[in-house]
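Structural features, examined
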Amino acid sequence: MWAFSVERNHMEVNMEKKIRIGNRYVGEGEKTYIVAEVSANHLQDYSRAEAIIRAAADAGADAVKLQTYTSDTITIDCDNEYFQITQGTIWDGTTLHKLYETAYTPWEWQPKLKKLAEELGMECFSSPFDATAVDFMQEMDMPAYKVASFEINDIPLIRKIARIGKPVIIATGIAYLEDIERALHVCREEGNEQVILLKCTSTYPSPYEDMNLSVIPNMAQVFDCITGLSDHSMGCAAAVAGVALGAKMVEKHLTLARADGGPDAAFSMEPAEFKQMVEEIRIAEKAVGRVTYELTEKQKRSREDGRSLFAVQDIKAGETFTEDNVRSIRPAFGMHPMYYDKVLGQKAKTDIAKGTPMDWKYIM
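What comes next concerns the included structure. Given the structure is predicted, the values throughout are model-derived calculations rather than measurements. (Residues numbered from 1 in each chain as written. Predicted model: local features only at pLDDT ≥ 70, side-chain atom pairs only at ≥ 80, totals over all residues. Heavy atoms only, no water.)

Let's talk about the overall build of the protein
Put simply, the rule reads: Secondary structure elements follow DSSP: runs of H or I of four or more residues count as helices, runs of E of two or more count as strands, with numbering from the N terminus. Just to be clear, the radius of gyration here is over C-alpha atoms, and the globule rule we use is 2.2 Å times residues to the power 0.38. Categorising residues by exposure relies on relative accessible area from a 1.4 Å probe, with only protein chains included: less than 20% of the type maximum marks a residue as buried, more than 50% marks it as exposed, and the intermediate range marks it as partly exposed.
From N to C terminus, the protein includes 13 helices and twelve strands. Computed over its C-alpha atoms, the radius of gyration of the protein comes to 29 Å, more than 25% above the 21 Å expected for a compact globule of 364 residues. Projected onto its principal axes, the C-alpha coordinates of the protein cover approximately 100 × 50 × 40 Å. A burial count over the protein gives 48% of its 364 residues as buried.

Regarding a negative patch on the surface
We count it as follows: Within this analysis, patches are made of residues with over 30% relative accessible area and no salt bridge. Like charges are joined at 9 Å or less; nonpolar side chains (Val, Leu, Ile, Met, Phe, Trp, Tyr) at 5 Å or less. The method behind every accessible area is Shrake-Rupley, applied with a 1.4 Å probe, and residues are considered shielded solely by the protein chains displayed. The working definition used for a salt bridge is a side-chain nitrogen of Lys or Arg within 4 Å of a carboxyl oxygen of Asp or Glu. In this tally, Asp and Glu contribute negative charge and Lys and Arg positive charge; neither His nor the terminal groups of the chain are included. Throughout, a charge is located at the NZ atom of Lys, the CZ atom of Arg, the CG atom of Asp or the CD atom of Glu.
A surface patch of like charges, here negative, comprises Asp72, Asp77, Asp79 and Glu101. Tracing the chain through its elements places Glu101 in helix H4 (residues 96-103). Using a relative accessible area of 42% as the deciding quantity, one classes Glu101 as partly exposed.

Focus on the pairing of strand E7 (residues 168-171)
Stated precisely, the cut-off is as follows: Paired strands, in this sense, are two strands between which DSSP finds at least two bridges. Seen with its strands pointing away from the viewer, a crossover is right-handed when the path leading from the first strand over the helix to the second is clockwise.
Side chains Val168 and Ile170 of E7 all project onto a buried face; the interleaved residues Ile169 and Ala171 project onto the opposite face, where all are buried too. In terms of strand pairing, strand E6 (residues 145-147) meets E7 through three bridges, oriented parallel. Bridge pairing links Val147 to Ile170 in E7. Note on the crossover from E6 through helix H7 (residues 155-164) to E7: the handedness is right-handed. One ladder, built from four bridges, connects E7 with strand E8 (residues 195-200); its direction is parallel. Its bridge partner being in E8, Val168 is matched across the sheet by Val195. Taken together, E7, helix H8 (residues 177-189) and E8 constitute a β-α-β crossover, and its handedness is right-handed.

With respect to the environment of Thr201
As a reminder of what qualifies: What makes two residues a contact is simply this: any of their non-hydrogen atoms within 4.5 Å.
By the element assignment, Thr201 lies in the loop between E8 and helix H9 (215-223). For Thr201, a relative accessible area of 10% corresponds to the buried category. Expressed as a C-alpha distance, the spacing of Thr201 and Leu116, which sit 85 residues apart in the sequence, is 30 Å. In this structure, Thr201 is in contact with Gly173, Ser206, Asp210, Met211, Ser230 and His232, ignoring residues within four places of it in sequence.

Thoughts on the pairing of strand E1 (residues 18-21)
Residues Ile19 and Ile21 point to one face of E1 and are all buried, whereas Lys18 and Arg20, pointing to the other face, are not buried. Examined bridge by bridge, E1 and strand E2 (residues 24-27) share four bridges and lie antiparallel to one another. Bridging from a neighbouring strand, Ile19 pairs with Val26 of E2. The loop that links E1 with its antiparallel partner E2 comprises two residues; one of these, Gly22, has a positive phi angle of about 65 degrees.

Brief notes about the layout of surface pockets
Heads up, the condition is: Think of a 1 Å grid over the protein atoms and nothing else: a 1.4 Å probe that fits but is trapped marks a cavity, an open set flanked by protein within 12 Å on at least five of seven lines marks a pocket, and residues with an atom within 4 Å of a point count as lining. Grid points are joined across faces, edges and corners, and a volume is the space filled by probe spheres set on the points. When residues are sorted by character, Ala, Val, Leu, Ile, Met, Phe, Trp, Tyr, Cys and Pro go into the nonpolar class, Asp, Glu, Lys and Arg into the charged class, and all the rest, Gly among them, into the polar class.
What the largest pocket holds in volume is close to 850 Å³. Contributing to the lining of the largest pocket are 40 residues, with Trp91, Leu99, Tyr100, Phe150 and Tyr204 lying nearest its centre. Looking at the lining of the largest pocket, the elements that each hand over two or more residues are strand E4 (63-68), H4 and strand E10 (249-253). Sorting elements by how many residues they give to the lining of the largest pocket places H4 first, with four residues. Its residues placed into classes, the lining of the largest pocket shows 20 nonpolar, 14 polar and six charged.

So, the side chain of Ser127
Spelled out, the test is: We define a polar contact as two N or O atoms separated by no more than 3.5 Å, with the added condition that, inside protein, one atom must be a possible hydrogen donor and the other a possible acceptor, whereas residues neighbouring each other in sequence contribute only through side-chain atom pairs.
Among the structural elements, Ser127 can be located in strand E5 (residues 123-128). Polar side-chain contacts of Ser127 include one of 3.4 Å to the backbone oxygen of Lys146. Ignoring any residue separated from it by four or fewer positions in sequence, one finds Ser127 in contact with Lys65, Leu66, Gln67, Thr68, Met137 and Lys146.

What follows is the structure, encoded as structure tokens:
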């Protein structure tokens, strides 16, 4: 039914694809767009939420992300077996409604937090979890909409978001291939091609062996999309590896201190760790560079330390060149070593001193 992706498999991927979020572009040739996820780490304390946003700016984040829901807009208050959390997560033992009562970000905070982020030179956007949240974000003129992993199957929600015409960032943590196809198809049906797909592993924290970061470049090719990483693993190794594999956006949870607790604390970064991640990503970007076989000026100079043919003994005029008196050695001021076999057996035109770079002019 969702055959569009098969057709796109045979298309040339648009390597110049870029999407603008606020004042910055995300895509090829741009610096990795680094997002600090606030989530529930504010612990229902507004001053702490502000402190996290300031910490994100200090660490070098490009954007902060909120979550826009209440316990009643994301689920219902029900204690039966369907609403118990029993999937082997860090939240097991409570109900969905009780978890979200402690985790949600009060909506009245969000315009103020957005303004603060912008004053600090960052963008601020959010994940809406129902239609009222989408409307609320639209009132705030948020520059992008993030579809959380667990909402990738909410097609009416995705359609409503896509119609706004702003960038849509979709996490794929619980998605089968057809789920990604369906979500993308809906966005494109609504004329919205501004989609960023984030590779995500929806376990908290994510075991490295389950992350399969190789999916990042594959998704870019299969779906002709900008791709990135929503990272719930510990440390920055996976994020840096993701950038090396082509991630153009990296999202990580940020808290002031894991010891302070909270629903997301166990897999969140502290400010110093987040700053180190940003620095390591910026290094990785420089190292990844671009596809080129040209040499820099320094590399060209380094070629002088390569190999070439030299006279390694004093050679008299008329003497035969042999393996004993001519060798391929460093440095590279003599003839190319590819001529070695042609030189051997020839005779010297003049006397040649030991340490002289070989040249055709010395050969009869």
